[in-house]
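Each chain, written out:
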Amino acid sequence: MNGPLAERGTLASRRVLVVAHDFPPLRSPQAIRAWHFVRTLSGEAGEVVVLCRRPPAGAPAPVLAANVRYLATSPGPFESTVDALVAWRRRARGAPSDDVTPGALSLNWKGLALKRLRRMLDLMVFPDARRFWVRSAAEALAALLRESRPDVAVVMHEPAASLLLAPMLDRARVPWIADLADPVVAPYTPRHWRRRAFALEQETLRAATGVAVTNSATADLLAERHGPWRTPPLILSQGHGEAVEEAPPTFDAPKDGGPLRLCYTGRLYAFRRIDPVIDAILAIEGVQLVVACPEPPTALLDAARRFPSRFELHGEVAHAKALSLQGSADALLSLGNAGTVQSPGKLFEYFGAARPVLHVASNRLDPQVGLIAGLRRGLSCDNDVASIARCIVELRDLKAARGMATRFDLSKDAIDRFGWPAIGQALVRALGRLADDAALRRRP
């Protein structure tokens, strides 16, 4: 497997291509990652070209630097139709095109029907229904390669649809980095697609000029699957935004002895189990859980209905609202991904909130446990009721004793290396080295 090559490099006066199906105004974690990469690259490169999915009809295009070229292409007939219907409904009720309806805790029958149809398409098309974007993206990429060949490129996974465009870069002799924010073969990969996903993952590692992963455990996993790395991969963790408090909060206990306020923002996938957390909270006095996520699981909906003072649900919220909820919490709940060593991107966003993290690990190999302990940024425990309850009681008692700020290191300096600017600069250096190496090879 290949990795970044030379020792030095610069992107000044060079053209960088970023292939990312998800890009703002889409709200996925991968869109946020791509956005921050492009922001950093635009400050270092001569030109940045973003090839992505066209945003939903009526949604505002992102505000980009003058040297960023935005190539947004059709997601295919199904998603284009869905986008048009959603935009029509929003116009009919006078809502902004990019709004998120607060308090929408479950899908109506139309939303459920669309979800089922998407799931059916995912089972019918490899790697999933986002494959329909590849046709329009390939046409745009072919035109770009003819008129203004990039010096270097980043191809971002997830989704795997982006990786299907990489052979075009190989044929054009454009060096590229595969940014594997998730391995291609993941717990959510349908069983009947796993052989093809394994082959795509293997071909990506073989063909890419460089490979980036989010942690060393993922690098080890890929080496176990496909053989030793020829050159170590680039480690580009997930990150937090720039708006980090310079001074940690004091966590003064309220005079009325208010509850410990735990907060979770993000999706609750099937591989993130929150049921033991619910049971632990119900067994302890003086604890409240605030959750902002689309489609909360049944167990959480039932708990909120039975104990509304203990469980506060917000449904899907805009990113700014999620950050506000994090900032109003005493501690932030992180759920490890079962069946994978990947780092939840939300954990690194939590670092920027300057609040201690309660990380519930999915297994004893979870690399986040050591990371949080090394940073003194919070507590970790196994995903069982007794272990979770012990940590919650410790956090509750620390709040009552005003001991949070001394028990944990919540300073900005401790997590600067996980800020998006620092991560983006590591990508800049790697791309510069690849571009330098390619230029040397082209010399007579």
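Everything that follows concerns the structure shown earlier in this document.
Everything numeric here is computed off the predicted structure, so don't read it as measured data. Every chain's residues receive numbers from 1 upward, in the order its sequence appears when written. Under the rules for a predicted model, residues below a pLDDT of 70 receive no local features and side-chain atom pairs below 80 are neither given nor counted, while totals for whole chains, interfaces and linings still include all residues. Each side-chain value is derived from all of the structure's non-hydrogen atoms; neither hydrogens nor water enter the calculation.

Visitor: Mind showing me how you'd approach the overall build of the chain here?
Guide: Numbering of helices and strands runs from the N terminus, with a helix taken as a DSSP run of H or I at least four residues long and a strand as a DSSP run of E at least two residues long. What the chain contains, in helices and strands, is 15 helices and 13 strands. Burial status across the chain gives 53% buried among its 444 residues. Any residue under 20% of the maximum accessible area for its type is buried, any over 50% is exposed, and the rest in between are partly exposed; the area is computed with a 1.4 Å probe on protein chains only.

Visitor: Looking at this structure, how should I read the packing of helix α6 (residues 194-207) against helix α7 (residues 216-226)?
Guide: The angle between the axes and the distance between the axes are what describe a pair of packed helices. Fitted lines through C-alpha atoms serve as axes, helices being fitted only where they are in contact, and the angles separating the N-to-C directions of these axes extend from 0 to 180 degrees. Close contact between α6 and α7 brings their axes to 11 Å; oriented N to C, the two are set at 105°. Here α7 runs roughly perpendicular to α6, going by the angle between their axes. Only Leu-222, Arg-225 and His-226 of α7 make contact with α6, whose side of the interface consists of Phe-198, Glu-201, Gln-202 and Leu-205. Amino acid classes used here: Ala, Val, Leu, Ile, Met, Phe, Trp, Tyr, Cys and Pro are nonpolar; Asp, Glu, Lys and Arg are charged; the rest, including Gly, are polar. Across the contact of α6 with α7, the residue classes break down as 3 nonpolar, 2 polar and 2 charged. Put simply, angles under 35 degrees are roughly parallel, angles over 145 are roughly antiparallel, angles from 65 to 115 are roughly perpendicular, and the rest are oblique. Residues are treated as being in contact if the distance between any of their heavy atoms lies within 4.5 Å.

Visitor: Would you take a moment to explain the nonpolar core for this structure?
Guide: Side chains that are nonpolar tend, in soluble globular proteins, to be buried together. Grouping buried Ala, Val, Leu, Ile, Met, Phe, Trp, Tyr and Cys residues that are joined through side-chain atoms within 4.5 Å yields what is termed a nonpolar core. Ranked by size, the top nonpolar core spans 54 residues in total, and within it Ile-274, Leu-289, Leu-300, Leu-333, Phe-351 and Ile-392 carry the most contacts. At 6 residues, helix α13 (residues 385-400) tops the list of elements feeding residues into this core. If near-sequence neighbours (up to four positions away) are discounted, Phe-351 is found in contact with His-240, Val-357, Leu-371, Leu-375, Arg-377, Ile-415 and Phe-418. Among the nonpolar cores identified, the runner-up in size contains 39 residues, and Val-19, Val-185, Val-211 and Leu-222 belong to it.

Visitor: Can you help me understand the sheet that holds strand β9 (residues 287-292) in this one?
Guide: Sheet strands associate in pairs through backbone hydrogen bonding, adopting either a parallel or an antiparallel arrangement. What makes two strands pair is DSSP finding at least two bridges between them. Strand order in the open sheet made by the 6 strands is β10-β9-β8-β11-β12-β13, with parallel pairing throughout. Unpaired on one side and paired on the other, β10 (311-313) and β13 (378-382) mark the two borders of the sheet. Strand after strand, the sheet turns through a mean of 25° between neighbouring axes, direction not considered. When strand β12 (residues 357-361) meets β13, the two strands line up parallel, connected through 5 bridges. Across the sheet, residue Leu-358 finds its bridge partner in β13, namely Leu-379. The sheet contacts of helix α8 (residues 275-282) involve β8 (260-265), β9, β10, β11 (331-335) and β12, and relative to β10 the element is tilted by about 135°. Contacts from helix α10 (residues 319-327) reach β8, β9 and β11, with the element oriented near 155° to β8.

Visitor: Help me understand the packing of helix α1 (residues 29-42) against helix α15 (residues 420-442), please; the structure alone is not making it clear to me.
Guide: Running from amino to carboxyl end, α1 crosses α15 at an angle of 65°, the nearest separation of the two axes being 9 Å. With respect to their mutual orientation, α1 and α15 come out roughly perpendicular. Here α1 runs over α15; the crossing is right-handed. Between α1, through Ile-32, Arg-33, His-36, Phe-37, Thr-40 and Leu-41, and α15, the contact on the second element is made entirely by Trp-420, Pro-421, Ile-423, Gly-424, Gln-425, Leu-427, Val-428 and Leu-431. In terms of residue class, the contact of α1 with α15 is built from 9 nonpolar, 4 polar and 1 charged. In a left-handed crossing the near helix is turned counterclockwise from the far helix by less than a right angle, and in a right-handed crossing that turn is clockwise.

Visitor: Help me understand helix α9 (residues 298-306), please; the structure alone is not making it clear to me.
Guide: Side chains three or four residues apart in an α-helix point the same way, a direct result of the helix having 3.6 residues per turn. When we look at burial in α9, the residues that qualify are Leu-300, Ala-303 and Ala-304. Each buried residue of α9 lies within a common arc of 95° when the element is viewed along its axis, so the set occupies one face. In α9, those exposed residues whose orientation departs by more than 90 degrees from the buried face are Thr-298, Arg-305 and Arg-306. At its buried positions, α9 is contacted by α8, β9 and β10. Directions from the helix axis toward the C-beta atoms define the arc.

Visitor: Can you walk me through the pairing of strand β5 (residues 176-180) in this structure?
Guide: Taken residue by residue, a regular strand's side chains alternate between the two faces of the sheet. Along β5, 5 of the 5 residues are buried, which leaves the element largely enclosed by surrounding structure. The two faces of β5 match: Trp-176, Ala-178 and Leu-180 on one face and Ile-177 and Asp-179 on the other face are all buried. The definition of a right-handed crossover adopted here requires that, viewed with the strands pointing away, the path from the first strand over the helix to the second runs clockwise. Of the crossover connections in this fold, the one passing from strand β4 (residues 152-157) over helix α5 (residues 166-171) to the parallel β5 is right-handed. Across 4 bridges, β5 lies against strand β6 (residues 210-213) in parallel orientation.

Visitor: I would appreciate a short explanation of unusual backbone geometry in the present structure.
Guide: Excluding glycine, residues mostly have negative phi values, and the peptide bonds linking residues are mostly trans. A cis amide bond links Phe-126 to the next residue, Pro-127, at an omega of 0°. A cis amide bond, omega 10°, links Glu-158 with the succeeding residue Pro-159. Tracing the chain through its elements places Pro-159 in the loop between β4 and α5. Positive phi is not limited to glycine here, since Glu-295 has a value of about 50°. Looking at where Glu-295 falls in the secondary structure, it is placed in the loop between β9 and α9.

Visitor: When you look at the state of the cysteines in this model, what are you seeing that I'm missing?
Guide: Think of a disulfide as a covalent bridge from one cysteine sulfur atom to another cysteine sulfur atom. Pairs of cysteine sulfur atoms within 2.5 Å are identified as disulfides in what follows. For the coordinates displayed, the defined rule picks out 0 disulfides. Cys-381 carries a free sulfur, and the closest cysteine sulfur to it, the one in Cys-391, is 4.2 Å from it.

Visitor: Can you help me understand the side chain of Ser-80 in this one?
Guide: Residue placement: Ser-80 occurs in helix α2 (residues 77-92). Of note is the side chain of Ser-80, whose polar atom sits 3.5 Å from the side chain of Ser-74. Within 3.5 Å is the distance limit for a polar contact, defined as a pair of N or O atoms, with the added protein rule that one can donate a hydrogen and the other accept it, and that residues adjacent in sequence qualify only through two side-chain atoms. One polar contact links the side chain of Ser-80 to the main-chain carbonyl oxygen of Gly-76, over a distance of 2.8 Å. With near-sequence residues (within four places) excluded, Ser-80 lies in contact with Arg-54, Ser-74 and Pro-75.

Visitor: I'm lost on the sheet that holds strand β1 (residues 15-19) in this one. Help?
Guide: One open sheet holds the 7 strands; their spatial order is β3-β2-β1-β4-β5-β6-β7, and the pairing between them is parallel. The sheet is open, and its two borders are formed by β3 (68-73) and β7 (234-235), each paired with just one other strand. As paired elements, β1 and strand β2 (residues 47-53) share 5 bridges and run parallel to each other. By the bridge assignment, Val-19 is partnered in β2 with Leu-51.

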